[in-house]
Amino acid sequence: MVQRRFPKPVDVFEYLQFKKPQLDRKKARLDAALTIEDLRRIAKRRTPAAAFDYTDGSAEAEISIKRARQAFRDVEFHPQVLRDVAHVDTAATVFGAPSAMPFGIAPTGFTRLMQTEGETAGAGAAAAAGIPFTLSTLGTNSVEGVKAANPHGRNWFQLYVMRQREISYGLVERAAQAGFETLFFTVDTPVAGNRLRDRRNGFSIPPQLTVRTIADALPRPWWWIDFLTTPKLEFASLSDTGGTVGDLLDMAMDPTISFEDLKVIRDLWPGKLAIKGVQTLEDAKTFADLGVDGIVLSNHGGRQLDRAPIPFHLLPEVAREVGRDTDVIVDTGIMNGADVVASIALGAKFTLIGRAYLYGLMAGGRAGVDRAIAILSDQVVRTMKLLGAHSLEELTPAHVTQLERLVPRARG
């Protein structure tokens, strides 16, 4: 039987620890965020509903994004034990050049609406982390502005071919002149997806002050103060910015886009060329046969066609068929560094993060993006160590099983 005694004060004091208070409120809330989901919750508190929902939402019933995230949750890892993993190498090579981590920042539109530092924060954080940054055609900073924020890092440009072809061609030339190294030719947006959250919120560019938006802004005055006291919202490609997001996308996109446009862009662009928005093995083979440098398996974060194929599910067969000569990249649904590791193990050369970066941006500007990258990086390192992998090259399909949840019914 355990003997009991009256505790001595000196013994009690040994257990008492007083943590020094953190007076920097932004740092305190970001330090408390341990996952991307934590950053998402902070972002939702700090951002007006319309801007948050534009980032967080997708098309129609939002089935595509839910399935994409579930696919990563349905991963079973197979660790190799008794390996010395005191140090692991997370460096990746994509499009012939290095990245400190096997993920980069994906292109996102209207970014300064989420938080006024926008692409400047993303490009600066990418530079500090040694990973690539991608500017969208619908970005809210110019090609030249992003280059200034990331002068020595890897800058990529995502291109929509618009109705006014001269605008698209001009952007290609500007990106080349600014030293951007890779172009993402985006092929999954002949028209805008039906983004119901934006329509229900009346989300417009620029934001309009209504009774509803004013009521929503009252608990978040800092967002409006930032928006109204920083330079006017400008876009890399759009001069007319009145209307809903869907209106603007439909104005910019062109349903007549074809392989002829790809030929023109190839002639204009001197750097690496990747096709973004590939969603079938057949299309992946077609583009690989055309000699492109990369294929981005993506359903646009679920923001275009709902019930679209899950990029992570497509990855193994696409990597097996075309990955030898073409860099295969995956985006959509990545919320954890383990998702990145699973993608690399199944044959991806690289991955892209979109919402994960934007949640950090909304949670704390540049510092929030730094925090998002740090969270994902720590998760990548920890997952690799627990799998017994010293480097990305040691990750193989043997490390991962994709558990089946959605199994197609037999036809006929």
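Residues numbered from 1 in each chain as written. Predicted model: local features only at pLDDT ≥ 70, side-chain atom pairs only at ≥ 80, totals over all residues. Heavy atoms only, no water.

- In the annotation of an unreviewed UniProt entry, the chain is listed under the name L-lactate dehydrogenase (Cytochrome) and assigned to Amnibacterium kyonggiense.
- A UniProt comment under Sequence similarities (unreviewed entry) is attached to the chain, and it reads "Belongs to the FMN-dependent alpha-hydroxy acid dehydrogenase family."
- According to UniProt, the comment filed for the chain under the heading Cofactor (unreviewed entry) is "FMN". (UniProt positions renumbered as here; feature names shortened; annotations may be inferred.)

### Describing the side chain of Thr108
Inference 1: Within the element layout of this structure, Thr108 appears in the loop between strand E4 (103-105) and helix H6 (118-129).
Inference 2: Ignoring sequence-local partners within four residues, the contact set of Thr108 consists of Glu119, Ser136, Gly139, Gly354, Tyr357 and Leu358. (Helix = DSSP H or I, 4+ residues; strand = E, 2+ residues; numbered from the N terminus. Contact = heavy atoms within 4.5 Å.)

### Points about the UniProt feature "binding site: FMN" (unreviewed entry) in the chain
Inference 1: When the UniProt feature table is mapped to this numbering, "binding site: FMN" (unreviewed entry) covers Pro107, Thr108, Gly109, Ser136, Gln158, Thr186, Lys276, Ser298, Gly354 and Arg355.
Inference 2: Mapped onto the fold, Arg355 is located in helix H17 (residues 355-387).
Inference 3: Look past the residues within four positions of Arg355 in its chain and what remains in contact with it is Thr55, Asp56, Gly57, Ser58, Ile65, Arg69, Gly301 and Arg303.
Inference 4: Within the structure, the side chain of Arg355 is placed 2.9 Å from the backbone oxygen of Gly301, a separation counted as a polar contact. (Polar contact = N/O pair within 3.5 Å; in protein donor to acceptor, adjacent residues only side chain to side chain.)

### Remarks on the packing of aromatic side chains
Inference 1: Per the counting criterion, the structure on display carries eleven aromatic pairs.
Inference 2: Chaining the aromatic ring pairs together yields one cluster made of Phe95, Trp156, Phe184 and Phe350.
Inference 3: For the cation-ring pair, Arg46 lies above Trp222, with the distance from its terminal atom to the ring centre recorded as 4.5 Å.
Inference 4: Residue placement shows Arg303 over the ring face of Tyr54; its charged tip is 4.5 Å from the ring centre. (Phe/Tyr/Trp six-rings, centres within 6.5 Å; stacked < 30°, edge-to-face > 60°. Lys NZ or Arg CZ within 6 Å of the ring centre and 35° of its normal.)

### Remarks on unusual backbone geometry
Negative phi is the rule for most residues except glycine; trans is the rule for most peptide bonds.
Inference 1: The backbone phi angle of Leu82 is positive, close to 60 degrees, even though this residue is not glycine.
Inference 2: Tracing the backbone shows Leu82 in the loop between strand E1 (75-77) and strand E2 (92-94).
Inference 3: The exposed category is assigned to Leu82, whose relative accessible area is 86%.
Inference 4: Despite not being glycine, Phe110 has its phi angle at roughly 60 degrees, a positive value.
Inference 5: Relative to the helices and strands, Phe110 is located in the loop between E4 and H6.
Inference 6: Taking the relative accessible area as the measure of exposure, Phe110 reaches 1% and is therefore buried. (Buried < 20%, exposed > 50% of the residue type's maximum accessible area, 1.4 Å probe, protein only.)

### Side note on helix H8 (residues 165-177)
Inference 1: The end-to-end C-alpha separation of H8 is 19 Å, in line with the 18 Å expected for 13 residues at 1.5 Å each.
Inference 2: For H8, the complete set of buried residues consists of Arg165, Ser168, Leu171, Val172 and Ala175. Take H8 and look down its axis: the buried residues cluster within an arc of 125 degrees, on one side only. Opposite the buried face of H8, at more than 90 degrees from it, the exposed residues are Glu166 and Gln177. (Expected span 1.5 Å × (residues − 1). Arc of directions from axis to C-beta.)

### So, the pattern of salt bridges
Inference 1: Counting across every chain of the model gives 17 salt bridges.
Inference 2: Two residues, Glu181 and Arg154, come together in a salt bridge whose shortest N-O distance is 2.5 Å. With Glu181 in the loop between H8 and strand E7 (182-186) and Arg154 in the loop between helix H7 (143-149) and strand E6 (155-159), this residue pair connects regions lying 27 residues apart in the sequence.
Inference 3: The buried category is assigned to Arg154, whose relative accessible area is 9%. (Salt bridge = Lys/Arg side-chain N within 4 Å of Asp/Glu carboxyl O.)

### Quick notes on the pairing of E6
Inference 1: Counting buried positions along E6 gives five out of five residues, so the element sits mostly inside the fold.
Inference 2: By the alternation rule, side chains of E6 split into Asn155, Phe157 and Leu159 and Trp156 and Gln158, which are all buried.
Inference 3: The sheet contact formed by strand E5 (residues 133-136) and E6 spans four bridges and is parallel. Bridged to Leu135 within E6 is Phe157.
Inference 4: On the question of chirality, the crossover connecting E5 to the parallel E6 by way of H7 is right-handed.
Inference 5: This β-α-β element, E6 to H8 to E7, shows right-handed connectivity. (Pairing = 2+ DSSP bridges. Right-handed = clockwise from strand over helix to strand, strands pointing away.)

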